[in-house]
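Now for the letters of each chain:
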Amino acid sequence: MKIGVPKEIKNNENRVAMTPAGVITLKSSGHEIFVESTAGEGSGFTNEEYQEAGATIVSTAKEAWEQDMVMKVKEPLPEEYEYFHNGLILFTYLHLAPEPELTKALIENKVVAIAYETVQSKKGTLPLLTPMSEVAGRMSSQIGAQFLEKSRGGMGILLSGIPGVKRGRVSIIGGGVVGTNAAKIAMGLGADVTIIDLNPERLRELDDIFGSSINTLMSNPLNIAHALSESDLVIGAVLIPGAKAPKLVTEDMVKDMQEGAVIVDVAIDQGGIFETTDRITTHDNPTYEKHGVLHYAVANMPGAVPRTSTIGLTNVTVPYALQLANKGYQKACLEDESLLKGINTLDGYVTYKAVAEAHDLDYCDAHSLLK
Ligand SMILES: NC(=O)C1=CN([C@@H]2O[C@H](COP(=O)(O)OP(=O)(O)OC[C@H]3O[C@@H](n4cnc5c(N)ncnc54)[C@H](O)[C@@H]3O)[C@@H](O)[C@H]2O)C=CC1
Ligand SMILES: CC(=O)C(=O)O
């Protein structure tokens with residue numbers, strides 16, 4: 001199979017969908033890889049390293065997109081839609097629920113769109129989202145701590161406190177991969193941490209992991225409102241796979257927060273869990289202020305630490321890409337249910353229920369289309 005790897009064009013997106021090591025893996029099974037010139041530069045991989053691994057360097061995005069399968073990191077931006085073609089296999093993060101125009105373009109062009117974030121194991125885990133959630137979760141506490149500094153717009157507190165001065169309070173809504181990793185770093189910084197989740201089993205697991213070093217709370221509007229009113233930093237980390245994020249934090253709850261508190265809405269890639277995170281921000285201009293609270297809503301947080309993120313991401317994506325390339329997407333998806341769950345659009349249909357519901361479009365089961 002011919003596989004294209006375009007350069008990412010989103011603001012400050014320095015990750016790349018394949019490393020030279022990935023090229024060697026795919027090449028050794030007889031596949032051809034076309035990498036857009038300088039695509040790996042932001043992650044520290046040169047054109048020469050890709051060539052030595054056996055890739056062909058192409059000078060334009062168009063040439064990278066002309067292949068049978070395109071591997072990317074972020075969802076295509078409008079200027080990339082012109083490259084879609086009938087039967088193209090697109091393997092990348094897509095986050096279609098908050099993206100009606102992209103969904104429409106994929107359907108109209110009959111793209112086989114396989115979303116990293118909805119590939120789901122039998123146990124319910126999301127193997128291609130996990131490493132980036134680990135990165136974004138860890139970053140969220142780090143970033144929150146920075147923006148609490150007065151010069152960055154925050155209230156001017158140090159999360160750890162000092163002897164004789166109380167610690168900062170961090171509330172994390174959603175105790176999955178992002179939430180757990182955010183908690184690890186916030187605890188390490190010395191903050192007083194509370195994790196709020198809807199799943200009692202998950203709350204028990206978190207209690208087993210962290211013991212009395214954190215507080216756990218059941219997710220309901222009263223608990224969320226109360227926790228927020230006392231928090232210096234609030235991290236949004238809820239996910240309902242494939243679906244638009246639920247707006248769990250109302251504008252009134254935000255109005256009730258302390259002046260200079262900070263919100264980091266990691267779930268912004270699925271639309272965000274705060275009524276006040278009504279826009280996506282970029283690494284260039286990451287925050288805005290609303291009701292006296294600083295909001296951070298960057299949808300590609302791992303793009304800021306591309307070396308770690310690219311290696312972490314491709315460690316998990318390349319084995320799936322190899323299945324797709326070796327067997328063809330039909331056989332690969334029919335033989336591996338987790339990959340089948342990744343198909344969001346196929347043959348002009350939306351094949352992921354939560355995406356169809358988000359856009360009020362007809363849903364068609366991918367399995368029946370493939371048989
Ligand atoms: N902004 C960025 O750059 C990045 C964003 N993300 C996003 O972060 C979000 C979280 O991802 P993960 O932690 O991997 O998901 P996950 O599936 O591991 O965890 C989600 C958690 O939310 C909980 N939850 C569901 N409904 C809830 C409710 N009503 N109240 C409280 N908790 C609830 C679940 O029980 C689960 O524990 C996703 O939207 C993901 O796409 C991930 C990586 C990078
Ligand atoms: C998960 C995601 O959207 C990202 O890593 O950018």
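On a predicted model such as this, the values are computed, not experimentally measured, just so you know.

So, how was this worked out
Residues numbered from 1 in each chain as written. Chains lettered and ligands numbered in written order. Predicted model: local features only at pLDDT ≥ 70, side-chain atom pairs only at ≥ 80, totals over all residues. Heavy atoms only, no water. Pairing = 2+ DSSP bridges. Helix = DSSP H or I, 4+ residues; strand = E, 2+ residues; numbered from the N terminus. Axes fitted to C-alpha atoms, helices over the stretch in contact; angles between N-to-C directions. Contact = heavy atoms within 4.5 Å. Buried < 20%, exposed > 50% of the residue type's maximum accessible area, 1.4 Å probe, protein only. Near = heavy atom within 4 Å. Polar contact = N/O pair within 3.5 Å; in protein donor to acceptor, adjacent residues only side chain to side chain. Areas by Shrake-Rupley, 256 points an atom, 1.4 Å probe, with all protein chains shown as cover. Domains from an automatic or database assignment. Arc of directions from axis to C-beta. UniProt positions renumbered as here; feature names shortened; annotations may be inferred. Left-handed = near helix turned anticlockwise from the far one by under 90°. Nonpolar A, V, L, I, M, F, W, Y, C, P; charged D, E, K, R; others polar. Patch = residues over 30% accessible without salt bridge, like charges linked within 9 Å, V, L, I, M, F, W, Y side chains within 5 Å. Salt bridge = Lys/Arg side-chain N within 4 Å of Asp/Glu carboxyl O. Expected span 1.5 Å × (residues − 1).

## Quick look at the sheet that holds strand β10 (residues 233–236)
Part 1: The strand order across the open sheet built from 7 strands is β9-β8-β7-β10-β11-β13-β12, with neighbouring strands paired in mixed fashion. Strand pairing shows two members of the sheet lacking a second neighbour, β9 (214–218) and β12 (287–290), which therefore form its edges. Averaged over all pairs of adjacent strands, the angle between strand axes in this sheet comes to 20°, irrespective of strand direction.
Part 2: The pairing of strand β8 (residues 192–197) with β9 spans 5 bridges and is classified as parallel. From the neighbouring strand, isoleucine 196 faces β9, where its bridge partner is leucine 217.
Part 3: Here helix α7 (residues 200–210) sits on the sheet in contact with β8 and β9, set at roughly 175° to β9.

## Topic: the environment of isoleucine 157
Part 1: By the element assignment, isoleucine 157 lies in the loop between α5 (130–147) and β7 (169–173).
Part 2: Accessibility expressed as a relative area gives 26% for isoleucine 157, which makes it partly exposed.
Part 3: Measuring from C-alpha to C-alpha, the distance between isoleucine 157 and aspartate 232 comes to 8.4 Å, with 75 residues separating the pair along the chain.
Part 4: What isoleucine 157 contacts, discounting residues up to four positions off in sequence, is Leu148, Gly168 and Asp232.

## Focus on the site of ligand 2
Part 1: Close to ligand 2 lie Arg15, Lys74, Tyr93, His95, Leu129, Met132, Asp269, Ala299, Asn300 and Pro302.
Part 2: Separating an oxygen atom of ligand 2 from a side-chain N or O atom of arginine 15 is a distance of 2.7 Å.
Part 3: With the chains in place, 95% of the 210 Å² that ligand 2 exposes on its own is no longer accessible.
Part 4: Two domains each donate at least three residues to the shell around ligand 2, and these are domain 1 (2–110 + 306–370) and domain 2 (132–304).

## Section: helix α1 (residues 20–27)
Part 1: The complete set of buried residues in α1 reads Pro20, Gly22, Val23 and Leu26. Axial view of α1: buried residues confined to an arc of 155°, hence all on one face.
Part 2: Summarising the contacts, the buried residues of α1 are in contact with β1 (2–5), β2 (32–36), α2 (47–53) and α10 (306–327).

## Quick word on the UniProt feature "active site" (unreviewed entry) in the chain
Part 1: As annotated in UniProt, the feature "active site" (unreviewed entry) corresponds to His95 and Asp269 in the numbering used here. Over a stretch of 175 residues, the named residues converge on one spot in the fold, their C-alpha atoms separated by at most 6.5 Å.
Part 2: As for its placement among the helices and strands, histidine 95 is situated in the loop between β5 (89–92) and α4 (100–108).
Part 3: On the basis of relative accessible area, histidine 95 is assigned to the buried category, the value being 5%.
Part 4: Apart from the residues lying within four places of it in its own chain, the contact partners of histidine 95 are Lys74, Glu75, Glu117, Asp269 and Gln270.
Part 5: On the secondary structure map, aspartate 269 appears in the loop between β11 (262–265) and β12.

## Examining the site of ligand 1
Part 1: Surveying the vicinity of ligand 1 reveals 29 residues, the closest of which are Ser133, Asp197, Ser219, Asp269 and Met301.
Part 2: Between ligand 1 and valine 298, the relevant distance is 3.1 Å, taken from a nitrogen atom to a main-chain nitrogen or oxygen of the residue.
Part 3: The contact in question runs from an oxygen atom of ligand 1 to an N or O atom on the backbone of methionine 301, over 2.7 Å.
Part 4: When ligand 1 is considered free in solution it has 870 Å² of accessible area, and contact with the protein chains removes 89% of it.
Part 5: Contributing elements (two or more residues each) for the shell around ligand 1: α5, α6 (177–188) and β8.
Part 6: Sorting elements by how many residues they give to the shell around ligand 1 places α5 first, with 3 residues.

## With respect to the packing of α5 against α6
Part 1: At their nearest, the axes of α5 and α6 sit 7 Å apart, and the two run at 40° to each other. As for the relative orientation of α5 and α6, their crossing is right-handed in sense. Residues Thr130, Ser133, Glu134, Gly137, Arg138, Ser140, Ser141 and Gln142 of α5 lie in contact with α6, whose contacting residues are Val177, Val178, Asn181, Ala182, Lys184, Ile185 and Ala186.
Part 2: In terms of residue class, the contact of α5 with α6 is made up of 5 nonpolar, 7 polar and 3 charged.

## What about the sheet that holds strand β15 (residues 349–350)?
In a beta sheet, neighbouring strands pair by backbone hydrogen bonds and run either parallel or antiparallel.
Part 1: Taken in spatial order, the 8 strands of this open sheet run β3-β2-β1-β4-β5-β6-β14-β15, and their pairing is mixed. What marks the edges here is a single partner per strand, and that holds for β3 (56–58) and β15.

## What to know about a nonpolar patch on the surface
Part 1: On the surface, Leu158, Ile162 and Val165 cluster together into a nonpolar patch covering about 290 Å² of accessible area.
Part 2: Its place among the elements puts leucine 158 in the loop between α5 and β7.

## Considerations on α6
Part 1: Counted at 1.5 Å a residue, the expected span for α6 with its 12 residues is 16 Å, and the 17 Å between its end C-alpha atoms agrees.
Part 2: Within the sequence span of α6, burial applies to Val178, Gly179, Thr180, Asn181, Ala182, Ala183 and Ala186.
Part 3: Close packing links the buried residues of α6 with α5, β7, β8, α7 and β10.
Part 4: Two residues or fewer after α6 comes glycine 190, characterised by a positive phi angle close to 95°.

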